[in-house]
Every structure is written in structure tokens, then in C-alpha cells.
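So the chains spell out like this:
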Amino acid sequence: MNTAVAPKESKATMIDSSPLLDDPQALRERAESDGYLFFKQLLPKEDVHAVRRDLLAVVEKHGWRGPGQNAEGGVIDLDALNQVPEEEMRLDIGVSIAAYKDAQKVESVHRLPQHPRLLALYEKLFQSEVLVHARHIVRMITGHRSMVPTPPHQDFPLIQGTSKTWTAWIPLGDCPRTMGGLTVLRGTHKLGYVPIQPSKGAGSIAAQTCPWETDWVEVEYEAGDVLTFPSFTIHKGLRCQQKEMIRLSLDVRYQPADEPIEEGSLNPHTELSWEEIYAGWQRDDLKYYWRKHEVELIPRDEKYLQPSRRIC
Ligand SMILES: O=C(O)CCC(=O)C(=O)O
């Protein structure tokens, strides 16, 4: 009989790095040591809630919003949503393909990532001009019967380009642990690229974690909080225990503007053109904003997406 006991996962709380915002050197040292930075109330709540309302209006339009709530209430009519056949769903997102196209057209979704407080943060981290990737992922995680939480993974195989790219994970509303926020395996940015295996859940790949890698950090997110980490840091979604609630969040990527970028990072995260996405926008200032930078485009390398033998 195998009596080996797997090491227990620790579930420490993320450290709030807000006190370091005025000390860029200390901020970079914290990032280098932990492989993540978490900020309480980096963004004004109202700016975040405005995006939330816009996305819930999309959910409402598609007929899956529970009745009797204000514009920020995230209760879903799960019976109605479960009528959507699996082949019409975006299981990396949580709603139908058609609803996700509407979500991608929402102007505020593309405006929040350009918030001056976010740009200022990455300027401090990179010590150079910042390029915001255009391909924002709008997670609209629901309890649809076919959904599974995002598996542990690194963003690098999916984003590629420079490994100096960072992800910002921005909850669009309060997101206690029971609603399935993001958790980070502290220190794993130091591992470099980790071999992958196929997996269910968003991204369809999982990083091969070893049994001794257990230092997961979690937090109770509120609207306005931001989690950020470099693209080798392993992270995953927690299981949502409140099936009737939708979990809205954005995945946004930032990199130094003078580093190469994988060409797909400037495409929409849906089968729409930028022209179709921009069609109903009120303002023009963010349309094709990346063209003001001289970007070095590089192709995607499929080798990072090939499963390999187990490493431990
Ligand atoms: O929100 C999620 O479940 C996944 C987010 C993620 O993996 C990312 O931001 O890179």
C-alpha cells in the first residue's frame, strides 16, 4: 500500500502591494520575489462597475439574467442558460458565442485597460513605455452545465511574444473566494516555461505542476482590486460555489513597447473584425491605438503548445 501523503496545499492570502506604489524599486523587488502583485482598490470602483453594468446588459439581452435585480446584480437564470447547447457555447468564457461577440463590442471593456492607474503601474514595473495588448479576454464565468474552472497554467504558451509580458486580472465586481476568483502559485515565475498537458477548461492546456509546488495564494476580491503577474507565473481559477452568480472579469496583457509581440495579441478575441467591434462606439481615440507604437510582430510558435512527457 502506498502510504505517501501528498503535501498539503497552503492557501495563504495575497499580500496587498498598494503601499509600494510610490516606491518602484521595492515594487519590482516584490514582483521578482513573489511572481505576482495584488493591489486593493487600484481602480476607482465606479469605473469597474460601469463595465460590469455594460456586460450585464449583454447577459440581459440574451435572456439569462435573473429578474428583480438592479443593473449590477449578477444572478443568472441558469435554467435558461443551460438551454444553450454546448456547441453554441464559449466554454473558455461562460456564455454563448453570440453573446461573447456582443461583449467584445462593449466600448468600456476596451477603455478600462487603458486606465492611467494601470499604465502608471506598468511604467514603474517595466521602466519603459507600455504597450497594452488589444486582445482582451472578457470572462463571463457561469454555472452552465459544461463549464469547468480554468486549469493551472502559464500564460506564456498562449500569449507568447516577449516573456516580459504581464497579465492584469481585473474582477468586474466583488468576487469572494466562493465565487471562484483567480489564485496564483507563488514563485513559479522563476521556473521559466513549464511543459504542458491537454486539459479541460479555458485555454485547454495545463502546466505540469509538481507535488511540492503548493504555495497557492488567494484573496477575497472586491471591485477595484487588480491582480497582476508575469507570463510564467502559474495560476488557475477557483471553483465557483455560487452557481447562480456570474463571475465577470477581464484578462489584459501589458508589455514593454520595445519588446516583440506575437501578432495575434493585436487581434480581437472573437471572430469579429475591429471595424465590427468599433461600429457602435461613442469615441474614436482608442481605435487602433497600438498603431502609434512601432511594434515588432513575431509569429506564434506551436512548439509551446505541444504536450510533453511528465516532468515529475
Ligand atoms: O479568469 C479565469 O478563470 C482565467 C484567467 C486567466 O487565466 C488569465 O487571466 O490569464
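This text gives an overview of the structure that appears in the document.

We now examine the overall build of the chain. The helix and strand inventory of the chain stands at eight helices and 16 strands. Relative to the 2.2 N^0.38 estimate, which gives 20 Å for 312 residues, the radius of gyration of the chain is 19 Å and therefore close to what a compact globule would have. Dimensions of the chain along its principal axes, counting C-alpha atoms only, are 55 × 50 × 40 Å. In the chain, which comprises 312 residues, the share counted as buried stands at 55%. Only carbon and sulfur atoms are counted for the fraction: they give 51% of the accessible area of the chain, which is about 14000 Å². Counting 37 positive and 45 negative side-chain charges, the chain places the averaged centre of each group 4 Å from the other.

Of all ten residues in strand S14 (residues 247-256), ten are buried; the element is thus mostly enclosed. Judged from the three bridges that link them, strand S5 (residues 130-132) and S14 form a sheet pairing that is antiparallel. Its bridge partner lying in S14, leucine 131 is registered against glutamine 255. As paired strands, strand S6 (residues 137-141) and S14 are joined by five bridges and run antiparallel to one another. Bridging from a neighbouring strand, isoleucine 141 pairs with arginine 247 of S14. Pairing geometry for strand S7 (residues 166-171) and S14, over six bridges, is antiparallel. Bridging across to S14, proline 171 finds its partner in serine 249.

Our focus in this paragraph is the environment of leucine 248. Secondary-structure assignment places leucine 248 in strand S14. Given a relative accessible area of 3%, leucine 248 falls into the buried group. Considered as a pair, leucine 248 and arginine 52 are 196 residues apart in the sequence and their alpha carbons are 7.2 Å apart.

So, about the site of the ligand. Arg139, Thr150, His153, Asp155, Thr167, Trp169, Leu182, His235, Arg247, Asp251 and Arg253 make up every residue found near the ligand. Contact between the ligand and arginine 253: an oxygen atom at 3.2 Å from a side-chain N or O atom of the residue. Those elements giving two or more residues to the shell around the ligand turn out to be S7 and S14.

A separate point is the pairing of strand S8 (residues 182-185). In S8, alternate side chains face the same way, and those of Leu182 and Val184 on one face and Thr183 and Leu185 on the other are all buried. Sheet topology note: the S8/strand S13 (residues 235-237) ladder contains three bridges and is antiparallel. Pairing of valine 184 across the sheet is with histidine 235, part of S13.

Conventions we followed
Residues numbered from 1 in each chain as written. Predicted model: local features only at pLDDT ≥ 70, side-chain atom pairs only at ≥ 80, totals over all residues. Heavy atoms only, no water. Helix = DSSP H or I, 4+ residues; strand = E, 2+ residues; numbered from the N terminus. Rg over C-alpha atoms; globule rule 2.2 N^0.38 Å. Buried < 20%, exposed > 50% of the residue type's maximum accessible area, 1.4 Å probe, protein only. Areas by Shrake-Rupley, 256 points an atom, 1.4 Å probe, with all protein chains shown as cover. Lys, Arg positive; Asp, Glu negative; His and termini not counted. Charge placed at Lys NZ, Arg CZ, Asp CG, Glu CD. Pairing = 2+ DSSP bridges. Near = heavy atom within 4 Å. Polar contact = N/O pair within 3.5 Å; in protein donor to acceptor, adjacent residues only side chain to side chain.

The quantities given are spatial measurements derived from coordinates; they are silent on function.
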